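Inside the fold
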Amino acid sequence: DQQVKQNSPSLSVQEGRISILNCDYTNSMFDYFLWYKKYPAEGPTFLISISSIKDKNEDGRFTVFLNKSAKHLSLHIVPSQPGDSAVYFCAASGTVIKAAGNKLTFGGGTRVLVKP
Amino acid sequence: DTGVSQDPRHKITKRGQNVTFRCDPISEHNRLYWYRQTLGQGPEFLTYFQNEAQLEKSRLLSDRFSAERPKGSFSTLEIQRTEQGDSAMYLCASSLARTGVGDTQYFGPGTRLTVL
């Protein structure tokens, strides 16, 4: 069963506009969430994370929002740039809760294309 | 700043052969993870070490797979009697475990395995 889902396989956005990527999870034991960016033939690059004690975390152009009651998180990229074109993965893990553990559980990814 | 490195970057082998991959984590990181990614999917957890102890293994890790981290530094992942279904990108990640804080994992570039 997929514990982390990214329901949009792709997203196309104009340069300068906002990109919004969504992610849903089912395991209530997850309490730490991350977003990674991946270019072809490279490993995932860490972007931003959020702990379950927060509902928002911001780092430059990237903001992650967490809605625990809905088991939903989103990544906002503002403004979008052509170099942001990549596949984005959300991932979830536990911290001290053994049932979820420290391993990351990934969604299937969303391919973002930023048009100049 | 030295990130996670993996060797080799690409490996082509014939079915039935054994292969070994190496991962060198970020130097101060005490946790090391192995993941596998197939086309169109997010990475899937295989196993992880804290220092030299292997703390968790996925059910994906059949008896043909073995991983070691002998001195708590670099790690090796060996696949015996490779099968075509083993073709994938093998990713290594490392992190610094801190009490009560989420485990941010940093990934290497991956080893692309092709089994003919």
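These figures come from a predicted structure and were not determined experimentally.

All names here are of chain A. Throughout the structure, instances matching the rule amount to two disulfides over all chains. At a sulfur-sulfur separation of 1.9 Å, the disulfide partner of Cys 23 is Cys 90. Handedness here is read from the sign of the S-S torsion; for Cys 23 and Cys 90, about 60°, the answer is right-handed. Pair noted here: Cys 23 is in strand 3 (residues 19–25) and Cys 90 is in strand 9 (residues 86–93), with a separation of 67 residues, a long-range link. Taken as a pair, Cys 23 and Cys 90 share a single burial class, namely buried.

What follows is about unusual backbone geometry. Between Val 78 of chain A and the following residue, Pro 79 of chain A, the backbone shows a cis peptide bond with an omega angle of -10°. Following the sequence through the fold, Pro 79 of chain A ends up in the loop between strand 8 (72–77) and strand 9. The linkage connecting Asp 7 of chain B with the following residue, Pro 8 of chain B, adopts the cis geometry, with an omega of -5°. Within the element layout of this structure, Pro 8 of chain B appears in the loop between strand 1 (5–7) and strand 2 (10–13). Phi angles above zero are rare outside glycine, and Ala 41 of chain A is one such case at about 65°. Along the polypeptide, Ala 41 of chain A turns up in the loop between strand 4 (32–38) and strand 5 (45–51). By relative accessible area, which is 47% here, Ala 41 of chain A ends up partly exposed.

With that out of the way, let us pick up the interface of chain B and chain A. Much of the literature gives interface size as the accessible area that the parts lose upon coming together. The interface is formed by 23 residues belonging to chain B together with 18 residues belonging to chain A. Roughly 1,600 Å² is buried in total at the junction of chain B and chain A, and carbon and sulfur atoms are behind 59% of that figure. Together, Pro 43, Thr 104 and Phe 107 of chain B form the three largest contributors to the area buried by chain B at its contact with chain A, with a combined 24%. Counting across the chain B and chain A interface gives nine residue pairs in polar contact (both at pLDDT 80 or more). For the side of chain B that touches chain A, the secondary structure elements donating two or more residues are strand 4 (31–37), strand 5 (44–50), strand 9 (88–95) and strand 10 (106–107) of chain B. Of the residues forming the side of chain B that touches chain A, the biggest block, four residues, is contributed by strand 4 of chain B. Taken together, the residues of the side of chain B that touches chain A sort by class into eleven nonpolar, eight polar and four charged.

Once that is clear, we can look at the pattern of salt bridges. Side chains that differ in charge, positive against negative, can pair when their charged atoms come close. The tally for this structure, following the rule as stated, stands at seven salt bridges over all chains. Glu 56 of chain B is the partner of Lys 103 of chain A in a salt bridge, and the nearest nitrogen-oxygen pair spans 2.8 Å. Of this pair, Lys 103 of chain A sits in the loop between strand 9 and strand 10 (105–106) while Glu 56 of chain B sits in strand 6 (residues 53–57), each in a different chain. The partly exposed category is assigned to Glu 56 of chain B, whose relative accessible area is 24%. Here Asp 24 of chain B and Arg 22 of chain B are joined by a salt bridge, their closest N and O atoms 2.7 Å apart. Judged by relative accessible area, Arg 22 of chain B falls into the partly exposed class, the value being 34%. Each member of the salt-bridge network shares a partner with another, and the members are Arg 64, Glu 83 and Asp 86 of chain B.

Reading guide: rules and limits
Residues numbered from 1 in each chain as written. Chains lettered and ligands numbered in written order. Predicted model: local features only at pLDDT ≥ 70, side-chain atom pairs only at ≥ 80, totals over all residues. Heavy atoms only, no water. Disulfide = S-S within 2.5 Å. Helix = DSSP H or I, 4+ residues; strand = E, 2+ residues; numbered from the N terminus. Buried < 20%, exposed > 50% of the residue type's maximum accessible area, 1.4 Å probe, protein only. Contact = heavy atoms within 4.5 Å. Buried area = accessible area lost by both parts, 1.4 Å probe. Polar contact = N/O pair within 3.5 Å; in protein donor to acceptor, adjacent residues only side chain to side chain. Nonpolar A, V, L, I, M, F, W, Y, C, P; charged D, E, K, R; others polar. Salt bridge = Lys/Arg side-chain N within 4 Å of Asp/Glu carboxyl O.

Structural measurements only, silent on function.
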